[in-house]
Amino acid sequence: MSFDPFDDPLAGKLSRRSLFAASMLVGPRRPSPTPARRKLERVGLQLYTVRDRMVVDVGATLARVAEIGYREVEFAGYFDRSAEELRDLLDGLGLTAVAAHVSLEEMRDDAAGQIAAARTLGMRYVIVSWIEEADQQTLADYEAIADELNQLGERCREASLRFGYHNHAFEFEVPPGQATERVPYEVLLERTDPELVTMELDLFWVVKGDREPLDLLARHPGRFSLCHVKDMDAAGAMVDVGAGQIDFAEIFRAAEQGGLEHYFVEHDEPDDSFASVAASYAYLDDLEIS
């Protein structure tokens, strides 16, 4: 007659004893460890913030930026230095130039030169930071600009660069005389090809334009590779990062959804540019995101 363990009256007891013994070997169950507190991996600086120092001594200014702790920079003009000279300075200081701000006019006049400089400096992005008032009168103007950005984005892609657009507050205002509630930034987001044009989200100007950064990140996932980290006080004035009311930790928790990879501190008109960038860096370096 065959033996069936399920018919054995001792089988259940033996099984329970085995389980009890195994639990003694494993030991008591411990609580899961608390997740590590996450911080920004990279904190960069838009060098427009220290332009008053750059016009005096580019090398000494970049050295001070590196001493504070920044490892990534974004240019806004090259201060009469060649791309080769600047690259040597950056390499010697352990700094990486990630992007450069250029105007739409500069790209129209000399896209090849802007692209060549960016490649020499080892950049990943060329960002249009400004469009002239004459080009931003109607939504049709912005449609034309979006088409032009796509064309410039294709040229940058051919050179192994990414092209982008940096906002101010005026893109969130309905142009005068327009019988619509659509704002220019919506036109730019919808009409530009995400494969050709990324967005650099200026957090101060988004809030100044009465918009929520989190809403933009949620509604347009993956569109924002870079951002400007700029703070605002209760009166709406620009202040050092951490001295205002913008909740950066909450915004940065949505970074992956939005596509953010690079974070550049900026202050348009600091009283003391070195003191400003040092205070902003210290705040972000200590900021716990989750």
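First, a word on scope: everything that follows refers to the structure included in this document.

Reading the values: the criteria
Residues numbered from 1 in each chain as written. Predicted model: local features only at pLDDT ≥ 70, side-chain atom pairs only at ≥ 80, totals over all residues. Heavy atoms only, no water. Core = buried A, V, L, I, M, F, W, Y, C linked by side-chain atoms within 4.5 Å. Buried < 20%, exposed > 50% of the residue type's maximum accessible area, 1.4 Å probe, protein only. Contact = heavy atoms within 4.5 Å. Pairing = 2+ DSSP bridges. Helix = DSSP H or I, 4+ residues; strand = E, 2+ residues; numbered from the N terminus. Axes fitted to C-alpha atoms, helices over the stretch in contact; angles between N-to-C directions. Phe/Tyr/Trp six-rings, centres within 6.5 Å; stacked < 30°, edge-to-face > 60°. Lys, Arg positive; Asp, Glu negative; His and termini not counted. Salt bridge = Lys/Arg side-chain N within 4 Å of Asp/Glu carboxyl O. Polar contact = N/O pair within 3.5 Å; in protein donor to acceptor, adjacent residues only side chain to side chain.

## Observations concerning the nonpolar core
Right, on to step 1. Judged by nonpolar contacts, the single largest core of 83 residues is most densely connected at Phe75 and Phe252.
Right, on to step 2. Phe252 has contacts with Arg38, Leu40, Leu203, Cys227, Val229, Tyr263, Leu284, Leu287 and Ile289, leaving out every residue within four places of it along the chain.
Right, on to step 3. Membership of the second largest hydrophobic core comes to 6 residues, among which are Val98, Ala99, Tyr125 and Leu226.

## Describing the sheet that holds strand β1 (residues 44-46)
Strand pairing in a sheet relies on backbone hydrogen bonds. The paired strands run either parallel or antiparallel.
Right, on to step 1. Spatially, β1-β2-β3-β4-β5-β6-β7-β10 is the arrangement adopted by the 8 strands of the closed barrel, whose pairing is parallel. With strand direction ignored, the average angle separating the axes of adjacent strands in the sheet is 30°.
Right, on to step 2. Where strand β2 (residues 72-75) meets strand β3 (residues 96-103), 4 bridges bridge the pair, whose relative direction is parallel. Looking at β3, one finds that Glu72 is bridged to Thr96.

## Observations regarding the packing of aromatic side chains
Any aromatic ring pair is given by two values, namely how distant the centres are and how the planes are angled relative to each other.
Right, on to step 1. For the structure shown, the criterion picks out 7 aromatic pairs.
Right, on to step 2. Ring geometry for Phe75 and Tyr78: centres 5.5 Å apart, planes at 55°, overall tilted.
Right, on to step 3. Here Phe75 falls in the buried class, since its relative accessible area comes to 0%.
Right, on to step 4. For the ring pair Phe204 and Trp205, a centre distance of 4.9 Å and an interplane angle of 85° mean the geometry is edge-to-face. Each of the two residues, Phe204 as well as Trp205, counts as buried.
Right, on to step 5. Grouping aromatic residues by their ring pairs yields a cluster made of Phe248, Phe252 and Tyr263.

## Brief notes about the environment of Leu121
Right, on to step 1. Examined against the element boundaries, Leu121 turns out to sit in the loop between α5 (104-120) and β4 (125-130).
Right, on to step 2. Along the chain, Leu121 and Asp91 lie 30 residues apart, while their C-alpha atoms are 9.6 Å from each other.
Right, on to step 3. Ignoring any residue separated from it by four or fewer positions in sequence, one finds Leu121 in contact with Tyr78, Ala83, Leu86, Arg87, Leu90 and Ala97.

## Looking at the side chain of Glu200
Right, on to step 1. With respect to the element layout, Glu200 can be found in strand β6 (residues 197-202).
Right, on to step 2. At 9.1 Å, Lys230 is the nearest oppositely charged side chain to Glu200, a buried residue that forms no salt bridge.
Right, on to step 3. A polar contact of 3.4 Å, which involves the side chain of Glu200, links it to the side chain of His228.
Right, on to step 4. Beyond its immediate stretch of four places on either side in the chain, Glu200 contacts Glu74, His101, Ile127, Tyr165, His166, Asn167, Leu226, Cys227, His228 and Phe264.

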